[in-house]
Amino acid sequence: MLVPFSYNLRSLFVRRASTLLTVFAIGATVAVVAGVLALQQGFALLYTESGREDLVVFLRPGSTNEGDSIFSRDRGLKLMKTVPEIAMDEGQQPLASLECYLAVRRFKMTGGETNVAIRGVQPMTFTLREGELEIVEGRNFQPGADEVIVGRKLVDRIQDCHIGDVIQLNTTPFKVVGVFATDASFDSEIWGDLDRMLQALKRYGPNRVLAKLVPGTDPEALAERLLSDREVPAKVLTEREYLSSQTKQLSKILVFLGAFLGVIMGIAAVFTATNTMLSALAARSHEIGILLATGFRPVPIFLSFMLEALLLGLLGGGVGILMTLPINGIETGAMNFNTFTEVAFAFRITPQVLVRAILFALTLGLLGGALPAWRAARLSPTEALRRT
Amino acid sequence: MLRLVVRNLTKHKLRSLLTVGSLVVALFLLCILRTLVTTLEAGTQAAKSNRLWVQSAVSLFVDLPLAYEAKIDAVEGVEKTCKVQWFGAYYQNEDSFFGQFAVDGDTFLDIYPEVVIVAGSRAGFLANRIGCLVGKALAKKYKWEIGDRIPLIAALFQKDDGSAWDFELEGIYEVTEPVWDDRTFFFHWDYFEKTMEATTTGQPDVGTFVVQTRQGADQVPVMAAIDQLFEHGPQRVQSTTEADFQAQFVSMMGNIPFFVAAIGGGVLLAIFLACVNTMIMAAREQTRDIGIMKALGFTDRSMFRLLTLQSMTLCVTGGLLGIGLALLAEPWIAHGMGSFFPGFAITAGTRDLGIALTLGIGVLAGIVPAWQASRLRCVEALRSME
């Protein structure tokens, strides 16, 4: 026969001061771990969710990101024109564009220095990005003009990013004429005309080619063919693959940090839970004696104590999540170590974070309850009854 | 009274142990977290202000023309200039990565007296065209000895035939201040430049000019004069003092100090609640004892002191053990972090902060139950069954 569940609920309630303190101690632990995970999710999802499967990125073979990839202009153009898998628009122009990219030194509103991604694009880029990007303030830059548009996330964080401001790139001043919004990771970038940027930044050539594939093309087969191509060798990735490859380092650090904190703080939380349950056991020895005397077997008593500990853990997990919820959506910035630029992203409490937080909390309860439950089950009825 | 404290704490050995254990863990974690921040900032503090870094004003990924050197040298107040270029090669395979820089060997050692050669010699390094200087930790990692040949496979600066760059180990250095870490590899600019000139890439550019200013020279006009030189291109430069550059670099990492503080706050809250919990439980079980003692004539104040002392004893034991553990673990953590986080070292400030936090938790956690105990009426206390 199992010990009724209401017994556990009541005993948690009777010792409410102790229950509350334990629940909050576990809650704080869960909150820290969940907070770090939410940070990782916010960062990684910004890249992976927006990455498109129908767009591909061509890089120089051997390079891992745009920064260290470079094409000569001729090569880039040749690539655009000779790869049959690239889709065409109505005018038989390839749906592809050359882009240059550089992490430039800028100053934050708060004064410190940071690195911002600057991208030179061609008119075709806006066709490729149709529906993904919207000018929310001002207008787009004129092709061939020394004008730029800035991602909305930059406006209040980086100096000189309001309409009418001037961004000096080496010796050339560029005028900010518009602000664009997007859900994609380039929300923290500055965009301008490719040729003007190449000239102002004295770059040798574009860094990547972005193209839309003919529907039904297998990107992997294309990647394999072009890697060893004699004319235009290139490393080909779908945009989604490319963007998720750019999150690896920071994600790895954050996941490691979450796990590290989880283990270390978890140990302390388990100790706390054990203490609470031990004191619950001490206070209830007499009752356990009665249970045993009335015919309850040790296994149900063990289970009952475990259940109570799990409940403690679950409550702690709930409190932890409640403590973390207010940070959901809060914008923050961090260095993406892959691109060496600062990106803005929000903490995101995704279902994955919630599930992990609850599982973590239950594990804490389980581990914390094990010893007291085992002790409770091993009590002999006479001895237990004798204790007051 | 102390004996009573010890008696009460050892009455529930397991509980006391668990409480001490969680404090050990918490203080250990707090020390490590804070050290991450202080280590980041250590580079800033060690930086000498008579050194300026001249880099592209546009981007850290843009290099400067070699011809800038002579012009910078001619600026009033400049004593010496050292060219520095990030080499970005790897040893054996792509995973064995560490920082390598081509530098003007002689000037570099003059400008950085913090870099001290402990094996091999300066003369040997300067005399060998392909000689290199390697940090102690790096040499230990790969078991390199003076005279060893070290081939590096270039990623950024490839030779036309794709062959590896050869180096010979001429010196192992230690640093007296963390301006550089001891996992870096330095070699001669001339070797770098001559080799690159023979390739189709041609003459290399310079990533950074490290400028030493003349004794007593005012930094500000020197920096302004250098920046002014290249105001109209071809590449604009930005001069900063070494300390400022290090600070900027930390700033580029984003809001790390804030994240660490938030996490530390969570740790503190969790551990504080756990301690309060233990103390309340302990006090509740002692209600009867307290009643008896009061009946025997012990004052309210002495009861307050007894319970606070118990809390302090537990917390201080746990806290000190945790700090000690962090200090003991420091070399291993530093090793594990490797070149990713060089110079990991727990400062005296962190240690003292840890001690202060321990004492604080001890006092605060003890206060509530101690106050309750001091107010307890002995009749009531004696009636208590627990």
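Only a predicted model underlies this, so the values are computations on that prediction, with no experimental measurement involved.

1. Focus on the nonpolar core
Line of reasoning, step 1. If you look at the biggest cluster of nonpolar residues, it comprises 53 residues, and the most contacted ones within it are Leu-23, Phe-28, Leu-29, Ile-263 and Val-267 of chain B.
Line of reasoning, step 2. Among the elements of the structure, α2 (16–50) and α9 (248–293) of chain A together with α1 (2–11), α2 (13–46), α10 (256–285), α11 (287–295), α12 (300–337) and α13 (348–375) of chain B are those that each provide at least two residues to this core.
Line of reasoning, step 3. Tallying contributions element by element places α2 of chain B first for this core, with 14 residues.
Line of reasoning, step 4. Contacts of Leu-29 of chain B, omitting those with residues within four sequence positions, involve Phe-260, Leu-261, Ile-264 and Met-265 of chain A together with Val-267 of chain B.

2. With respect to empty space enclosed by the protein
Residue and element names in this part refer to chain A.
Line of reasoning, step 1. Scanning the model with the defined rule gives five cavities of 30 Å³ or more in all.
Line of reasoning, step 2. By volume, the largest cavity is sized at about 200 Å³.
Line of reasoning, step 3. Taken together, 22 residues line the largest cavity, and the ones lying closest to its centre are Tyr-47, Arg-119, Ser-185, Glu-189 and Leu-243.
Line of reasoning, step 4. Elements with a contribution of two residues or more to the lining of the largest cavity: α2, β3 (113–121), α8 (239–245) and β12 (341–346).
Line of reasoning, step 5. Residues that form the lining of the largest cavity fall into these classes: nine nonpolar, six polar and seven charged.

3. A look at the domain arrangement of chain A
Residue and element names in this part refer to chain A.
Line of reasoning, step 1. In terms of domains, chain A is made up of domain 1 (5–48 + 248–386) and domain 2 (55–214).
Line of reasoning, step 2. For domain 1 and domain 2, the distance between their C-alpha centres works out to 46 Å.
Line of reasoning, step 3. If you look at the interface, domain 1 gives 12 residues, while domain 2 gives 14 residues.
Line of reasoning, step 4. Overall, the association of domain 1 and domain 2 removes approximately 1,000 Å² of surface from exposure, summing both partners, and the carbon and sulfur fraction of that is 46%.
Line of reasoning, step 5. The largest per-residue losses of area from domain 1 upon contact with domain 2 belong to Leu-46, Glu-342 and Ala-344, which jointly make up 51% of the total buried on that side.
Line of reasoning, step 6. Applying the counting criterion to the domain 1 and domain 2 interface returns two salt bridges.
Line of reasoning, step 7. In this structure, Lys-108 engages Glu-342 in a salt bridge whose closest nitrogen and oxygen atoms are separated by 3.8 Å.
Line of reasoning, step 8. Between domain 1 and domain 2 we count five residue pairs in polar contact (both at pLDDT 80 or more) in total.
Line of reasoning, step 9. Counting residues per element, the ones that place at least two in the side of domain 1 that touches domain 2 are α2, β11 (331–336) and β12.
Line of reasoning, step 10. Residue classes in the side of domain 1 that touches domain 2 are distributed as six nonpolar, four polar and two charged.

4. Details of helix α6 (residues 194–201) of chain A
Given 3.6 residues to a turn, an α-helix orients residues that are three or four positions apart in the same direction.
Residue and element names in this part refer to chain A.
Line of reasoning, step 1. Of all eight residues in α6, six are buried, a share of seventy percent or more.
Line of reasoning, step 2. The opening residue of α6, the one whose side-chain oxygen lies 3.1 Å from the backbone nitrogen of Asp-195, is Asp-193.
Line of reasoning, step 3. In the stretch just after α6, Lys-202 is the one whose phi turns positive, near 55°.

5. As for the packing of aromatic side chains
Line of reasoning, step 1. Applying the stated criterion to the full structure yields 43 aromatic pairs over all chains.
Line of reasoning, step 2. Seen in terms of ring centroids, Trp-86 of chain B and Phe-101 of chain B are 5.4 Å apart; in terms of plane orientation they differ by 65°. Their pairing is edge-to-face. On the criterion of sequence distance, the pair formed by Trp-86 of chain B in strand β2 (residues 78–86) and Phe-101 of chain B in strand β3 (residues 99–103) is long-range, its members being 15 residues apart.
Line of reasoning, step 3. For Phe-101 of chain B, a relative accessible area of 16% translates into the label buried.
Line of reasoning, step 4. An angle of 90° between the planes, with centres 6.0 Å apart, marks the rings of Phe-87 of chain B and Phe-192 of chain B as edge-to-face. Linking Phe-87 of chain B in the loop between β2 and β3 with Phe-192 of chain B in helix α7 (residues 189–197), this pair joins segments that are 105 residues apart in sequence. Neither residue differs from the other here; Phe-87 of chain B and Phe-192 of chain B are each classed as buried.
Line of reasoning, step 5. Between the NZ or CZ atom of Arg-16 of chain A and the centre of the ring of Phe-13 of chain A, over which it lies, the distance is 4.9 Å.
Line of reasoning, step 6. Above the plane of the ring of Trp-165 of chain B lies Lys-159 of chain B, whose end atom (NZ or CZ) is 5.7 Å from the centre.

6. So, the domain arrangement of chain B
Line of reasoning, step 1. When the domains of chain B are assigned, the result is domain 1 (2–44 + 254–383) and domain 2 (63–234).
Line of reasoning, step 2. Taken over C-alpha atoms, the centre of domain 1 of chain B sits 49 Å from the centre of domain 2 of chain B.

7. As for helix α8 (residues 219–229) of chain B
Residues and elements named next belong to chain B.
Line of reasoning, step 1. For α8, every residue scored as buried is listed here: Gln-219, Val-222, Met-223 and Ile-226. Buried positions in α8, seen along its axis, are confined to an arc of 95° and lie on one side of it. In α8, the exposed positions that point more than 90 degrees away from the buried face belong to Val-220 and Gln-228.
Line of reasoning, step 2. Close packing links the buried residues of α8 with β1 (51–56), α3 (68–73), β2, β9 (208–213) and β10 (237–241).

8. As for the interface of chain B and chain A
Line of reasoning, step 1. Across the boundary between the two partners, chain B contributes 51 residues, which contact 55 residues of chain A.
Line of reasoning, step 2. Of all residues in chain B, Leu-18, Val-58 and Met-252 of chain B bury the most surface against chain A, accounting for 14% of the area lost on that side.
Line of reasoning, step 3. Counting across the interface, chain B meets chain A through zero salt bridges.
Line of reasoning, step 4. Where chain B packs against chain A, one counts 10 residue pairs in polar contact (both at pLDDT 80 or more).

9. What about the environment of Thr-22 of chain A?
Line of reasoning, step 1. Structurally, Thr-22 of chain A can be placed in helix α2.
Line of reasoning, step 2. Relative accessible area serves as the criterion here: at 0%, Thr-22 of chain A is assigned to the buried category.
Line of reasoning, step 3. Excluding residues within four positions of it along the chain, Thr-22 of chain A makes contact with Thr-272, Ala-273, Thr-276 and Leu-312 of chain A together with Asn-277 of chain B.
Line of reasoning, step 4. Within polar-contact distance, the side chain of Thr-22 of chain A engages the side chain of Thr-276 of chain A at 2.7 Å.

10. Remarks on a nonpolar patch on the surface
Line of reasoning, step 1. Among the surface-exposed residues, Leu-20, Phe-24 and Met-323 of chain A together with Leu-269 of chain B lie close enough to one another that they form a single nonpolar patch of about 330 Å² accessible area.
Line of reasoning, step 2. Locating Leu-269 of chain B in the fold gives a position in helix α10.

Cut-offs used in this document
Residues numbered from 1 in each chain as written. Chains lettered and ligands numbered in written order. Predicted model: local features only at pLDDT ≥ 70, side-chain atom pairs only at ≥ 80, totals over all residues. Heavy atoms only, no water. Core = buried A, V, L, I, M, F, W, Y, C linked by side-chain atoms within 4.5 Å. Buried < 20%, exposed > 50% of the residue type's maximum accessible area, 1.4 Å probe, protein only. Helix = DSSP H or I, 4+ residues; strand = E, 2+ residues; numbered from the N terminus. Contact = heavy atoms within 4.5 Å. 1 Å grid on protein atoms, 1.4 Å probe; cavity = no way out; pocket = protein on both sides within 12 Å on 5 of 7 lines; lining within 4 Å. Points joined across faces, edges and corners; volume = space filled by probe spheres on them. Nonpolar A, V, L, I, M, F, W, Y, C, P; charged D, E, K, R; others polar. Domains from an automatic or database assignment. Buried area = accessible area lost by both parts, 1.4 Å probe. Salt bridge = Lys/Arg side-chain N within 4 Å of Asp/Glu carboxyl O. Polar contact = N/O pair within 3.5 Å; in protein donor to acceptor, adjacent residues only side chain to side chain. Phe/Tyr/Trp six-rings, centres within 6.5 Å; stacked < 30°, edge-to-face > 60°. Lys NZ or Arg CZ within 6 Å of the ring centre and 35° of its normal. Arc of directions from axis to C-beta. Patch = residues over 30% accessible without salt bridge, like charges linked within 9 Å, V, L, I, M, F, W, Y side chains within 5 Å. Areas by Shrake-Rupley, 256 points an atom, 1.4 Å probe, with all protein chains shown as cover.

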